[in-house]
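# Results of the structural survey
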Amino acid sequence: MASTNLRTERLELRPVRDEDIDRILEYRNLPEVTRWLLRTDVDPAAFRAAWRRSAEDPHDHRVAVTRDGVVIGTVSLDVRTSMGQPGTPPGTEAEVGYIFDPRYGGHGYATEAVTAMVSYSFARLGVRRITAGCFADNLASVRLLEKVGMRREQHGVGNSWHAELGWVDGYTYALLAEEWSKQP
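Conventions we followed
- Residues numbered from 1 in each chain as written.
- Predicted model: local features only at pLDDT ≥ 70, side-chain atom pairs only at ≥ 80, totals over all residues.
- Heavy atoms only, no water.
- Buried < 20%, exposed > 50% of the residue type's maximum accessible area, 1.4 Å probe, protein only.
- Helix = DSSP H or I, 4+ residues; strand = E, 2+ residues; numbered from the N terminus.
- Axes fitted to C-alpha atoms, helices over the stretch in contact; angles between N-to-C directions.
- Parallel < 35°, antiparallel > 145°, perpendicular 65-115°, else oblique.
- Left-handed = near helix turned anticlockwise from the far one by under 90°.
- Contact = heavy atoms within 4.5 Å.
- Nonpolar A, V, L, I, M, F, W, Y, C, P; charged D, E, K, R; others polar.
- Pairing = 2+ DSSP bridges.
- Phe/Tyr/Trp six-rings, centres within 6.5 Å; stacked < 30°, edge-to-face > 60°.
- Lys NZ or Arg CZ within 6 Å of the ring centre and 35° of its normal.

Most of helix H1 (residues 21-28) is tucked away: six of the eight residues are buried. Listed in full, the buried residues belonging to H1 are Ile-21, Arg-23, Ile-24, Leu-25, Tyr-27 and Arg-28.

Structure representation (structure tokens):
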């Protein structure tokens with residue numbers, strides 16, 4: 001991804017730059033955002049170092065999502081080998097994730113960016129299956145994943161610890177390349 005920029009009708013998805021990190025932390029650390037993240041607290045130096053490491057990993061496709069030059073979110077795509085017996089083809093599955101500045105919510109930007117990443121993963125990376133997870137109570141994520149065309153495969157009852165809510169339900173979503181190609 002380091003040499004690839006993706007464009008949609010309204011957005012640019014590009015590699016994260018050092019100067020983007022403070023902006024990402026600005027919205028990432030808002031209470032309404034961290035409420036739905038697994039890692040609620042991050043050390044800025046460690047966060048910056050993790051982004052730098054991800055740029056070196058050919059299986060880690062994290063991007064900044066910009067609108068008119070302003071970073072409004074990030075989308076990650078971690079490519080891995082699917083579960084299977086010896087001989088499983090490598091790099092056939094990916095997990096997608098995203099974090100967006102809530103000030104840009106309600107305009108479809110997150111859906112547009114995640115859709116672009118899903119399309120890229122199937123068309124250019126040769127991924128055959130994409131997964132995503134979220135807390136069941138995170139209705140914005142539930143709606144986004146379903147708009148992208150992902151199907152809910154698992155409903156984990158009380159399987160996720162939430163610092164504020166205690167044990168809550170979690171969902172796992174997935175989409176196959178062949179299903180993606182049949183969508184309108």
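The next subject is the packing of helix H4 (residues 109-123) against helix H5 (residues 139-148). The N-to-C vectors of H4 and H5 enclose an angle of 45°; their axes lie 10 Å apart at closest approach. Put simply, H4 runs oblique to H5. The two elements H4 and H5 meet at a crossing, and its hand is right-handed. For the pair H4 and H5, contact is made by Ala-110, Thr-111, Val-114, Thr-115 and Val-118 and by Leu-144, Lys-147 and Val-148, respectively. Within the contact of H4 with H5, the residues separate by chemical class into five nonpolar, two polar and one charged.

What follows is about the packing of H1 against helix H3 (residues 44-56). Between H1 and H3, whose axes approach to 11 Å, the crossing angle comes to 120°. Taken together, the axis directions place H1 and H3 in an arrangement best described as oblique. For the pair H1 and H3, the crossing hand works out as right-handed. From H1, Ile-21, Asp-22, Ile-24, Leu-25 and Arg-28 reach across to H3, where they touch Pro-44, Phe-47, Arg-48 and Trp-51. In terms of residue class, the contact of H1 with H3 is made up of six nonpolar, no polar and three charged.

Okay, the pairing of strand S7 (residues 151-162) next. Both faces of the sheet carry side chains from a regular strand, because those side chains alternate between them. Sheet topology note: the S7/strand S8 (residues 166-176) ladder contains eight bridges and is antiparallel. Its bridge partner being in S8, Gly-156 is matched across the sheet by Gly-170. Connecting the antiparallel pair S7 and S8 is a turn made up of three residues.

Glancing now at the sheet that holds strand S6 (residues 129-135). Ordered in space as S1-S2-S3-S4-S5-S6-S8-S7, the eight strands form an open sheet in which the pairing is mixed. The open sheet has two edge strands, strand S1 (6-7) and S7, and neither has a second partner. Where strand S4 (residues 70-80) and strand S5 (residues 93-100) come together, eight bridges link them in antiparallel fashion. Across the sheet, residue Val-79 finds its bridge partner in S5, namely Ala-94.

A few words now on the packing of aromatic side chains. Applying the stated rule across the entire model yields four aromatic pairs. Geometrically, the ring pair formed by Trp-161 and Trp-167 is edge-to-face, given 5.3 Å between the ring centres and 70° between the ring planes. The class of Trp-167 is exposed, set by a relative accessible area of 58%. Ring centres 6.2 Å apart and planes at 85° place the aromatic pair Tyr-171 and Tyr-173 in the edge-to-face group. A single burial state applies to Tyr-171 and to Tyr-173, both of which are buried. Taking the ring centre of Tyr-171 as reference, the NZ or CZ of Arg-152 above it sits at 3.7 Å.

Turning our eyes to something else, we now look at the side chain of Thr-66. Relative to the helices and strands, Thr-66 is located in strand S3 (residues 63-67). With sequence-adjacent residues up to four places away left out, Thr-66 is seen in contact with Arg-10, Leu-11, Glu-12, Arg-14, Val-71 and Ile-72.

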